[in-house]
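# A structural walkthrough
So the chains spell out like this:
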Amino acid sequence: MALREENYWLTTAEVPKTDAERALLETADVAVIGAGFTGLSAARMLAKKGAKVAVLEAETIGWGASSRNGGMVLTGLKLGANKLISVYGRERTQRMYAASLASIDCVERIVCEETIDCNFSRCGHLEVACKQTHFNGYARQAEVIAREFNHELKIVPRSELRSEIGSDIYYGGMVDETSAGLNPARYVAGLGAAAIRAGACVFEKTCVQKIEHETRQGAPGWKLTTSRGATWVRDVFIATSGYTGRATPALRRKIIPIGSYIITTEVLADARARELSPRNRMIYDSKNYLYYYRLTPDNRMLFAGRAAFFPESGDTIRKSAEILRRGMIDVYPQLRDARVEFVWGGTLDFAFDIMPHAGQIDGMYYAVGYAGHGVAMATYQGLLMARRITGEKPDNPFEGIPFPGAPLGLYNGNPWFLPLAGAYYKFLDWVS
Ligand SMILES: Cc1cc2nc3c(=O)[nH]c(=O)nc-3n(C[C@H](O)[C@H](O)[C@H](O)COP(=O)(O)OP(=O)(O)OC[C@H]3O[C@@H](n4cnc5c(N)ncnc54)[C@H](O)[C@@H]3O)c2cc1C
């Protein structure tokens, strides 16, 4: 099979179809912008709580990062425990870490309640050390995580690493058995179907272009102008992640869209697949410019990384296929002859402090900034923000923390500095 520039996961999923002719609701309680994990999880919960919800999606259900990701349902945050404690203090960091664990339980509960057939499995994750100094740091990290969060990680010395991974290039590893894996396209499709079953109205090919305050019959609210007409709502929830655009300029200025790319090989023989990943872990390495990889449920090696920093385009996707294949062979020389069958890319959403953020901006609700840890956290934030919008006060440790913009305000949403950032992180990987 020739290389296909296509998202492999979508070839395995049936994404719900909506009625393209259906007129927009004239009014609704809440407009959710974006039909990914964040938006659909919120829409499902809002509808279950009796709200009239319109999900407005510029493309199709799950079109964004939610169908394109690695399907790694990971514990923890992008930043390490010590860094988090130094910035947010012990108590809030403990709540943040607890939220990262609760977010995985939340995905598991939804998958179970809605019977979503998405290969959810608590297979654990493995971080592998690219340098001896990185491995030396694992024991310290595991000790902090055990002490501060009462959560156990297992250190795997180099001599035992073959029980975890069929590669000899790493200096050791660290395992977290709590993490899980799933098929993201099937999951987001199931979440979409669940939101629709709960009563949410999903409008695809409906791009929100403009949002204005408008009071109707004495009630404050918002007029949303879309590519398919206008609607009026009491509340707006922005769930646009790395695809946040001009309609919400204040949020756009706080989000850096970063490209990430994935290849999958042909289906591998069982014995070969077990040799590469004997415990079927979600694996990532210890670099800043990292690789992350796993087996798919049908035994392809899925190998991914930030081969280019820019958001995806035909050009970056094509270049990434070759860069990632070389990376994969460095890790797994035994895949030298394996055919690469799919390549695709997607856009991650990074805040300037690499943290998730939720709350209100310009009077509208939002949850963004998952920095590559969004499968579980986006689902969870959608749920928490739905409860918040309907008047509850759920504990959300990511609400109310400072949400920095670019240093000196030098950013209007066009990430001109990404090549510099990419070079900087490559440099850091070289020296540290
Ligand atoms: C290649 C890749 C690999 C990843 N791997 C992992 C992983 O293994 N584990 C993990 O935890 N996380 C991973 N992530 C991150 C994770 O996928 C995201 O954090 C998560 O999917 C974000 O979900 P979301 O619903 O917030 O946003 P998205 O799924 O990106 O959805 C946003 C939606 O908003 C829509 N939109 C934008 N503007 C408008 C508008 N004006 N009007 C209407 N609609 C609009 C877009 O069309 C899009 O569909 C990965 C991301 C990428 C790109």
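Figured I'd write up the structure that's included with this text. If you're wondering where the values come from, they're calculated on a predicted model, not measured in any experiment. (Residues numbered from 1 in each chain as written. Predicted model: local features only at pLDDT ≥ 70, side-chain atom pairs only at ≥ 80, totals over all residues. Heavy atoms only, no water.)

## Structural notes on the overall build of the protein
If you tally the helices and strands in the protein, you get ten helices and 19 strands. Relative to the 2.2 N^0.38 estimate, which gives 22 Å for 432 residues, the radius of gyration of the protein is 21 Å and therefore close to what a compact globule would have. Counting only C-alpha atoms and orienting by the principal axes, one finds that the protein spans roughly 70 × 50 × 45 Å. In the protein, which comprises 432 residues, the proportion classed as buried is 58%. Side chains of the protein carry 51 positive and 46 negative charges; the gap between the two charge centres is 3 Å. (Helix = DSSP H or I, 4+ residues; strand = E, 2+ residues; numbered from the N terminus. Rg over C-alpha atoms; globule rule 2.2 N^0.38 Å. Buried < 20%, exposed > 50% of the residue type's maximum accessible area, 1.4 Å probe, protein only. Lys, Arg positive; Asp, Glu negative; His and termini not counted. Charge placed at Lys NZ, Arg CZ, Asp CG, Glu CD.)

## So, the pairing of strand β2 (residues 27-33)
Counting buried positions along β2 gives five out of seven residues, so the element sits mostly inside the fold. The sheet contact formed by β2 and strand β12 (residues 229-238) spans six bridges and is parallel. If you follow valine 32 over to β12, its bridge partner there is phenylalanine 237. Pairing of β2 with strand β3 (residues 53-56), which is carried by four bridges, proceeds in the parallel orientation. Across the sheet, the residue bridging to alanine 31 is alanine 54, located in β3. With helix α1 (residues 37-48) bridging β2 and the parallel β3, this β-α-β connection has right-handed handedness. (Pairing = 2+ DSSP bridges. Right-handed = clockwise from strand over helix to strand, strands pointing away.)

## With respect to the sheet that holds strand β17 (residues 340-351)
Two orientations exist for strands paired in a sheet by backbone hydrogen bonds: parallel and antiparallel. Within the open sheet, the nine strands sit side by side as β1-β17-β13-β16-β15-β14-β5-β7-β6. Their pairing is mixed. Sheet topology places β1 (4-5) and β6 (154-157) at the edges, where each strand pairs with a single neighbour. On the sheet, helix α4 (residues 132-149) packs against β5 (125-128), β6 and β7 (172-176) and is oriented at approximately 25° with respect to β7. (Contact = heavy atoms within 4.5 Å. Axes fitted to C-alpha atoms, helices over the stretch in contact; angles between N-to-C directions.)

## What about the environment of phenylalanine 350?
Within the secondary structure, phenylalanine 350 sits in strand β17. Between the C-alpha atoms of phenylalanine 350 and threonine 60, which are 290 residues apart in sequence, the distance is 23 Å. The residues touching phenylalanine 350, leaving out its near neighbours within four places in the chain, are Lys78, Lys254, Ile255, Ile256, Ile258, Arg306 and Ala371.

## Description of the packing of α1 against helix α5 (residues 184-198)
For any two helices packed against each other, one specifies the crossing angle of their axes together with the interaxial distance. The geometry of α1 relative to α5 is characterised by a closest axis approach of 8 Å and an angle of 25° between their N-to-C directions. With respect to α5, the element α1 is oriented roughly parallel. Two packed elements cross with a definite hand, and for α1 against α5 that hand is left-handed. Taken together, the residues of α5 that come into contact with α1 (itself represented by Phe37, Leu40, Ser41, Ala43, Arg44, Ala47 and Lys48) are Pro184, Tyr187, Val188, Leu191, Gly192, Ala194, Ala195 and Ala198. Counted by class, the contact of α1 with α5 contains eleven nonpolar, two polar and two charged residues. (Parallel < 35°, antiparallel > 145°, perpendicular 65-115°, else oblique. Left-handed = near helix turned anticlockwise from the far one by under 90°. Nonpolar A, V, L, I, M, F, W, Y, C, P; charged D, E, K, R; others polar.)

## Details of the pattern of salt bridges
Under the definition given, this model contains 34 salt bridges. Of the charged contacts, one joins glutamate 212 and lysine 210 as a salt bridge, the two residues approaching to 3.8 Å between their closest N and O atoms. On the basis of relative accessibility, which here comes to 46%, the residue lysine 210 falls in the partly exposed class. The shortest N-O distance in the salt bridge between arginine 325 and glutamate 322 comes to 3.7 Å. One end of the pair, arginine 325, and the other, glutamate 322, are both in helix α8 (residues 314-331), three residues apart, so they sit about a helical turn from each other. Among the ionic contacts, a cluster of salt bridges with common partners joins Arg44, Lys48, Glu113, Glu114 and Arg197. (Salt bridge = Lys/Arg side-chain N within 4 Å of Asp/Glu carboxyl O.)

## Let's talk about the site of the ligand
Near the ligand, the surroundings consist of 36 residues, among which Thr38, Glu57, Ser66, Met72 and Ser241 are the closest. Threonine 38 places a side-chain nitrogen or oxygen 2.6 Å from an oxygen atom of the ligand. Note that an oxygen atom of the ligand is positioned 3.0 Å from one of the backbone N or O atoms of alanine 65. In the complex, 96% of the free accessible area of the ligand, which totals 1000 Å², lies under the protein chains. Elements supplying a minimum of two residues to the shell around the ligand: α1, α2 (65-68), β13 (255-265), β17 and α9 (374-389). (Near = heavy atom within 4 Å. Polar contact = N/O pair within 3.5 Å; in protein donor to acceptor, adjacent residues only side chain to side chain. Areas by Shrake-Rupley, 256 points an atom, 1.4 Å probe, with all protein chains shown as cover.)

## What about helix α3 (residues 81-113)?
A rise of 1.5 Å per residue sets the reference length of α3, with its 33 residues, at 48 Å; its end C-alpha atoms lie only 32 Å apart and thus fall more than 12% short of the reference. At glycine 89, α3 shows its maximal kink, close to 120°. Once α3 finishes, threonine 115 follows within two positions and takes phi at roughly 40°, a positive value. (Expected span 1.5 Å × (residues − 1). Bend = angle between axes of the 7 residues up to and from the residue.)

## Some words on the environment of alanine 98
Among the secondary structure elements, alanine 98 is positioned in helix α3. Distance from alanine 98 to leucine 153, taken between C-alpha atoms, is 15 Å for residues 55 residues apart in sequence.

## Some details on α9
Compared with an ideal rise of 1.5 Å per residue, which puts 16 residues at 22 Å, α9 spans 21 Å between its outermost C-alpha atoms and is within 8% of the ideal. Once α9 ends, the next one or two residues include glycine 391, with phi positive near 100°.

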